[in-house]
Amino acid sequence: MNGSRPYGDSPVVRAGSAARAPYALDIGPERAGWDRSALRVLELAPGGSQGLSTADSEWIVLPLAGGCTVVVDGMSIELRGRSGVFAGVTDFAYLPRDARVQISSGAGGRFALAGAKCERRLPARYGPAPEVPVELRGSGSCSRQVNNFAAADTFECDRLIAVEVLTPGGNWSSFPPHKHDEYHPGEESVLEEIYYFEIADGGPGYHRVSPSRPGGTDLLAEVRTGDTVLIPDGWHGPSMATPGHHMYYLNVMAGPGAEREWLIRDHPDHGWIRQTWDDQPTDPRLPLYGNGTQEDRR
């Protein structure tokens, strides 16, 4: 990570402030001030189409709202998508580096492109929604749902790690605060991370990042739909969903390690909270939706 902050002192990127045609959101490594992780949001009108080059990065096309057709490497991948991020698990498409791609949508929609600079060229693939592992994590007011569509242990990528998290209104997620900004074999991996938020019914949410080193990231921010938070370092969490407003965030991660792995260390003042989860029930509102593969991992 080069330590620069193209968006100023704050790691919060407000909705619309990182738009660059044709994308409503376009955060690449250079604009984020780091080495690998990237996120774009493509909005297509009915009948719209957009071409792109994957260049030196691998990408996953993840429908946020609507469905689309993805043409890559001579394949045509139909994504059924969903009506919105609070409506259901979606299918997705994996795009290899060094490819030309066309994305089109008959009915229109919004599509996240989660990306990471990578070395290996893996084959283009379809990710079916029924095969996405849905995890229920935490308990009580720390209960949340994690759609592990491209977690390190669920879907092969070269560098990219990406998951969706849904937090019921009034609950905390990304808790206990944790970090992954140093390399400790078997304990912690180095990962640059992007949080992209959507909040149900027009409400606000809140996100905290506290410093893990002198001069590190220090943030307590209100977030709304379309806002993004960059996590180059620091203890991140909690992400707080206000009562009556479910919170969604898409996490995009990548790092320099020889192994593609998500290893975290909990904040020493708060890690004990995990020991209380076995004595509390999971929030009965979860899963907000499922696909028949729910797993309870506390």
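Notes on the structure in this doc start here.

**Some details on the overall build of the protein chain**
Line of reasoning, step 1. Tallying secondary structure elements over the protein chain gives one helix and 23 strands in all.
Line of reasoning, step 2. Over its C-alpha trace the protein chain gives a radius of gyration of 18 Å, about what one expects of a compact globule, namely 19 Å for 298 residues.
Line of reasoning, step 3. Projected onto the principal axes, the alpha-carbon positions of the protein chain cover approximately 50 × 40 × 35 Å.
Line of reasoning, step 4. Pairs at least 24 apart in sequence give 75% of the contacts found in the protein chain among residues at least 6 apart.
Line of reasoning, step 5. Summed over all atoms, the accessible surface of the protein chain reaches about 11800 Å², with 51% contributed by carbon and sulfur.
Line of reasoning, step 6. Positive and negative charge centroids in the protein chain, built from 28 and 39 side chains respectively, lie 3 Å apart.

**Comments concerning the layout of surface pockets**
Line of reasoning, step 1. In this structure, the largest pocket encloses a volume near 460 Å³.
Line of reasoning, step 2. Around the largest pocket, the lining is made up of 25 residues, and of these Glu135, Arg137, Val146, Asn148 and Trp262 lie nearest the centre.
Line of reasoning, step 3. Mapped by element, the contributors of at least two residues to the lining of the largest pocket are β11 (134–137), β12 (144–150), β13 (161–167), β16 (192–199) and β21 (247–254).
Line of reasoning, step 4. By residue class, the composition of the lining of the largest pocket is 13 nonpolar, five polar and seven charged.

**A look at the pairing of β21**
Line of reasoning, step 1. Of all eight residues that make up β21, eight are buried, and the element is covered over most of its length.
Line of reasoning, step 2. Neither face of β21 is exposed, since Met247, Tyr249, Asn251 and Met253 on one face and Tyr248, Leu250, Val252 and Ala254 on the opposite face are all buried.
Line of reasoning, step 3. Pairing of β13 with β21 involves seven bridges; the strand directions are antiparallel. If you follow valine 165 over to β21, its bridge partner there is tyrosine 249.
Line of reasoning, step 4. Bridge analysis of β16 against β21 gives eight bridges, and the strand direction is antiparallel. Counterpart to glutamate 193 in the pairing with β21 is methionine 253.

**What about the packing of aromatic side chains?**
Line of reasoning, step 1. Enumeration over the complete set of coordinates arrives at eight aromatic pairs.
Line of reasoning, step 2. Between phenylalanine 86 and tyrosine 248, the aromatic rings sit 6.5 Å apart at their centres with planes inclined by 75 degrees, giving edge-to-face as the arrangement. Here phenylalanine 86, found in the loop between β6 (75–82) and β7 (92–95), pairs with tyrosine 248, found in strand β21; they are 162 residues apart in sequence, far enough to count as distant.
Line of reasoning, step 3. The cationic tip of lysine 179 hangs over the ring face of tryptophan 235; the distance from NZ or CZ to the ring centre is 5.6 Å.

**Structural notes on unusual backbone geometry**
Line of reasoning, step 1. A cis amide bond links phenylalanine 175 to the next residue, proline 176, at an omega of 5 degrees.
Line of reasoning, step 2. Position of proline 176 among the secondary structure elements: in the loop between β14 (172–173) and β15 (178–179).
Line of reasoning, step 3. With omega at 5 degrees, the peptide bond leading from glycine 237 into proline 238 counts as cis.
Line of reasoning, step 4. In this structure, proline 238 sits in strand β20 (residues 235–241).
Line of reasoning, step 5. Even without being glycine, serine 174 reaches a positive phi, approximately 50 degrees.
Line of reasoning, step 6. Along the polypeptide, serine 174 turns up in the loop between β14 and β15.
Line of reasoning, step 7. Positive phi, normally seen in glycine, also occurs at aspartate 201, with a value near 60 degrees.
Line of reasoning, step 8. By the secondary structure assignment, aspartate 201 is in the loop between β16 and β17 (205–210).

**A closer look at the pattern of salt bridges**
Line of reasoning, step 1. Evaluation of the coordinates by the stated rule reveals 24 salt bridges.
Line of reasoning, step 2. The closest approach of N and O atoms between arginine 40 and aspartate 26, which form a salt bridge, is 3.6 Å. You can see arginine 40 sitting in strand β3 (residues 37–44) and its partner aspartate 26 sitting in strand β2 (residues 23–27), a full 14 residues away along the chain.
Line of reasoning, step 3. Looking at aspartate 26, the relative accessible area reads 7%, which means it is buried.
Line of reasoning, step 4. The salt bridge partner of arginine 224 is glutamate 222, with a shortest N-O separation of 3.1 Å.
Line of reasoning, step 5. Owing to a relative accessible area of 36%, arginine 224 belongs among the partly exposed residues under this scheme.

About the criteria used
- Residues numbered from 1 in each chain as written.
- Predicted model: local features only at pLDDT ≥ 70, side-chain atom pairs only at ≥ 80, totals over all residues.
- Heavy atoms only, no water.
- Helix = DSSP H or I, 4+ residues; strand = E, 2+ residues; numbered from the N terminus.
- Rg over C-alpha atoms; globule rule 2.2 N^0.38 Å.
- Contact = heavy atoms within 4.5 Å.
- Areas by Shrake-Rupley, 256 points an atom, 1.4 Å probe, with all protein chains shown as cover.
- Lys, Arg positive; Asp, Glu negative; His and termini not counted.
- Charge placed at Lys NZ, Arg CZ, Asp CG, Glu CD.
- 1 Å grid on protein atoms, 1.4 Å probe; cavity = no way out; pocket = protein on both sides within 12 Å on 5 of 7 lines; lining within 4 Å.
- Points joined across faces, edges and corners; volume = space filled by probe spheres on them.
- Nonpolar A, V, L, I, M, F, W, Y, C, P; charged D, E, K, R; others polar.
- Buried < 20%, exposed > 50% of the residue type's maximum accessible area, 1.4 Å probe, protein only.
- Pairing = 2+ DSSP bridges.
- Phe/Tyr/Trp six-rings, centres within 6.5 Å; stacked < 30°, edge-to-face > 60°.
- Lys NZ or Arg CZ within 6 Å of the ring centre and 35° of its normal.
- Salt bridge = Lys/Arg side-chain N within 4 Å of Asp/Glu carboxyl O.

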